[in-house]
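Spelled out from the first residue to the last, the chains are:
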Amino acid sequence: LASAQSFSHQRGLIFNLDNGELCLQSAQCKSRCCHRTDGLSLARCANRAAENQECSPKSIYGVYYKCPCENGLTCEADKSIVGSITNTNYGICQDPGSSSK
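The structure displayed is predicted, hence computed values, not measured ones. (Residues numbered from 1 in each chain as written. Predicted model: local features only at pLDDT ≥ 70, side-chain atom pairs only at ≥ 80, totals over all residues. Heavy atoms only, no water.)

**Thoughts on the overall build of the chain**
Applicable threshold: We count a stretch as a helix when DSSP gives it H or I for four or more residues in a row; a strand needs E for two or more, and each element gets its number in order from the N terminus. Only protein chains enter the accessibility calculation, which uses a 1.4 Å probe. A residue is then buried if its area is under 20% of the maximum for its type, exposed if over 50%, and partly exposed in between. The criterion used for residue contact is that any of the two residues' heavy atoms lie within 4.5 Å. Areas reported as accessible are Shrake-Rupley estimates using a 1.4 Å probe. Residue values count occlusion only from the protein chains shown.
Each helix and strand counted, the chain has one helix and seven strands in total. Element order for the chain, N to C, with α for helix and β for strand: β-β-β-β-β-β-α-β. Evaluated residue by residue, the chain yields a buried proportion of 31% over its 101 residues. Counted over contacts in the chain with a minimum sequence separation of 6, partners at least 24 positions apart contribute 36%. Carbon and sulfur atoms make up 54% of the accessible area of the chain, which amounts to about 6,800 Å² in all.

**A few points about the sheet that holds strand S6 (residues 74-77)**
Here is the rule we go by: Each pair of strands is called paired provided DSSP finds at least two bridges between the two strands.
If you walk across this open sheet you meet the three strands as S5-S7-S6, and the pairing is antiparallel. Each edge of the sheet is formed by a strand with only one pairing partner; in this case those strands are strand S5 (54-55) and S6.

Structure (structure tokens):
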């Protein structure tokens, strides 16, 4: 019973969703990544990107084609306005402490 009450409702939306569950915004997911594979697919909660995986910088849209990086990693990506609007500003998760720059 305790696990059935572990999620909260706010304005009719469900939060604290597990990976694989349908979502509309990243804020609904425990992982903080609401991911879709393409423009026609349904968005589902997914793991955030690990080191050396493809990523998207944080988005105002709340749904990603590539999840943002796990905590402590940065997404080295093109942060142009056009890339932000078209959601094509992908990069690679890097540990800022071990940067090769």
